[in-house]
Amino acid sequence: MQPLVAVVILNWNGRKHLENFLPSVLEHACAGMELVVADNASTDDSVSWLVANHPSVRVVQLEQNFGFAKGYNEALKKVEARYYVLLNSDVEVTAGWLDPILRLMEANPGIGACQPKINMYHDKNSFEYAGAAGGWLDALGYPFARGRVFDYCEEDMGQYDDTAEVFWASGAALVVRAELYHRLGGLDEFFFAHQEEIDFCWRMQLAGYRVLVCPASVVYHVGGGTLPKGNEWKVFLNFRNNLVMLAKNLPWYELIWKIPVRFLLDAVSAWKSLFEGQGIYFKAILEAHIGFMGWVLIRHRRSVFPISKKGKVRGWYKGSVVWDHFVRGRRYFSEIVGTKE
């Protein structure tokens, strides 16, 4: 019998996280749930530890480290369920966390994906960087969230406890209809990692499905918060993937002016960092722009494009979160979005 839901944790050399957080997932399993750990060719003893200590957990072993996007795509080819949950290995779940999300999605077939409220593991009264209470996107493609604007994470005082439509659901704890996941082509493997869930949710909305946050479900994520400027690979992926995402999903009449504006804003950020002594950050943005042009000219064939562009997109802020935050000094989601939804 096909499980109702498969919780799939992608692992790479993460035995410590598995030891710390797998017990909470097992303890708070719902009826009809299968727990799967997909291993991205770890070189530590993650797999042997899992087999010895948690024999009930199904292990899918991948032949190499495919990264986040292809790692999940390859693993989910081998998993059958009505719903998939893409869950980071450093997430602590709570009692009954899946029940409200599954009830919501079962009652509303138009919901393609949903996320719980995500707070910090080390400060459980604050929203966590990777998703908070549901993700939004501004007019120039900058992601932010209910409870998190750039580096600033708000205190959780129940201000975003309403079930709401959002632009994107966090890949740290993403619940998605399995059939839809495959029909949309899964995550874009060209991305490797970073922003692939935003692109996926954008394609989902364009296909006519909705993305929601269900704060009745709460999880706690260790995460990393902001990416260190010295991490060239992560900075490169974030800047390149964001541009690719815009090129894939925006209509041409917006694309022709938004990409040049983004190049300009990226350049401002790069030069500012260079003058502050962050040369690696400058180099990563330059490489990201070169990588984006390579994608436009040649490598776009490797990407997954929207199957339709007729759906209405929600969670889209028509203003500039860069202007609102850095120039106008607005730190809170509610200050920025206000009534301009």
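Residues numbered from 1 in each chain as written. Predicted model: local features only at pLDDT ≥ 70, side-chain atom pairs only at ≥ 80, totals over all residues. Heavy atoms only, no water.

Chemist: How would you sum up the environment of Arg328? Please name residues and give values.
Modeler: With respect to the element layout, Arg328 can be found in the loop between helix 10 (321–327) and helix 11 (333–337). At 3.1 Å, the side chain of Arg328 and the side chain of Asp324 are in polar contact. (Helix = DSSP H or I, 4+ residues; strand = E, 2+ residues; numbered from the N terminus. Polar contact = N/O pair within 3.5 Å; in protein donor to acceptor, adjacent residues only side chain to side chain.)

Chemist: Requested: an account of the packing of helix 7 (residues 232–249) against helix 9 (residues 279–297), with residues and values cited.
Modeler: Two elements in contact, helix 7 and helix 9, have axes separated by 8 Å at closest approach and are oriented at 35 degrees. Of the two possible hands of crossing, helix 7 and helix 9 adopt the one that is right-handed. Only Ile280, Tyr281, Lys283, Ala284, Ile285, Glu287, Ala288, His289, Gly291, Phe292 and Trp295 of helix 9 make contact with helix 7, whose side of the interface consists of Glu232, Val235, Phe236, Phe239, Arg240, Leu243, Val244, Ala247 and Lys248. Its residues assigned to classes, the contact of helix 7 with helix 9 shows 13 nonpolar, two polar and five charged. (Axes fitted to C-alpha atoms, helices over the stretch in contact; angles between N-to-C directions. Left-handed = near helix turned anticlockwise from the far one by under 90°. Contact = heavy atoms within 4.5 Å. Nonpolar A, V, L, I, M, F, W, Y, C, P; charged D, E, K, R; others polar.)

Chemist: Tell me about the nonpolar core, and please be specific about residues and values.
Modeler: Counting 80 residues, the largest nonpolar core has Tyr72, Tyr84, Leu86, Tyr181, Trp202 and Met204 as its most contacted members. Ranked by residues supplied to this core, first place goes to helix 7 with nine residues. Listed in part, the 33 residues of the second largest apolar core include Ile9, Cys30, Met33 and Val175. (Core = buried A, V, L, I, M, F, W, Y, C linked by side-chain atoms within 4.5 Å. Buried < 20%, exposed > 50% of the residue type's maximum accessible area, 1.4 Å probe, protein only.)

Chemist: Provide a residue-level description of the pattern of salt bridges, including the pertinent values.
Modeler: Counted under the stated rule, the structure contains 21 salt bridges. With its nearest N and O atoms 3.3 Å apart, the salt bridge here joins Arg210 to Glu165. Of this pair, Arg210 sits in strand 13 (residues 210–221) while Glu165 sits in strand 11 (residues 164–165); the two residues are 45 residues apart in sequence, bridging distant segments of the chain. With relative accessibility at 25%, the residue Arg210 sits in the partly exposed group. Given a relative accessible area of 29%, Glu165 falls into the partly exposed group. (Salt bridge = Lys/Arg side-chain N within 4 Å of Asp/Glu carboxyl O.)

Chemist: Describe the pairing of strand 2 (residues 33–39), listing the residues and the values that go with them.
Modeler: Most of strand 2 sits out of view: six of its seven residues are buried. Bridging between strand 1 (residues 5–11) and strand 2 involves seven bridges; their strand directions are parallel. Across the sheet, Ala6 pairs through a bridge with Glu34, a residue of strand 2. Judged from the four bridges that link them, strand 2 and strand 3 (residues 58–61) form a sheet pairing that is parallel. (Pairing = 2+ DSSP bridges.)

Chemist: Tell me what's going on with a nonpolar patch on the surface, and back it up with residues and numbers.
Modeler: Judged by side-chain polarity, Trp252, Tyr253, Ile256 and Trp257 come together as a nonpolar surface patch covering roughly 550 Å² of accessible area. Secondary-structure assignment places Ile256 in helix 8 (residues 252–275). Accessibility expressed as a relative area gives 57% for Ile256, which makes it exposed. (Patch = residues over 30% accessible without salt bridge, like charges linked within 9 Å, V, L, I, M, F, W, Y side chains within 5 Å. Areas by Shrake-Rupley, 256 points an atom, 1.4 Å probe, with all protein chains shown as cover.)

Chemist: Report on unusual backbone geometry, specifying residues and quantitative values.
Modeler: We note that Ala41 has phi near 55 degrees; this positive angle belongs to a residue other than glycine. One can find Ala41 in the loop between strand 2 and helix 2 (46–53). Its relative accessible area of 27% is what places Ala41 among the partly exposed residues. A positive phi is found at Gln195, a non-glycine position, where the angle reads about 75 degrees. Here Gln195 shows up in the loop between helix 5 (178–183) and helix 6 (196–206). Judged by its relative accessible area of 11%, Gln195 falls in the buried class.

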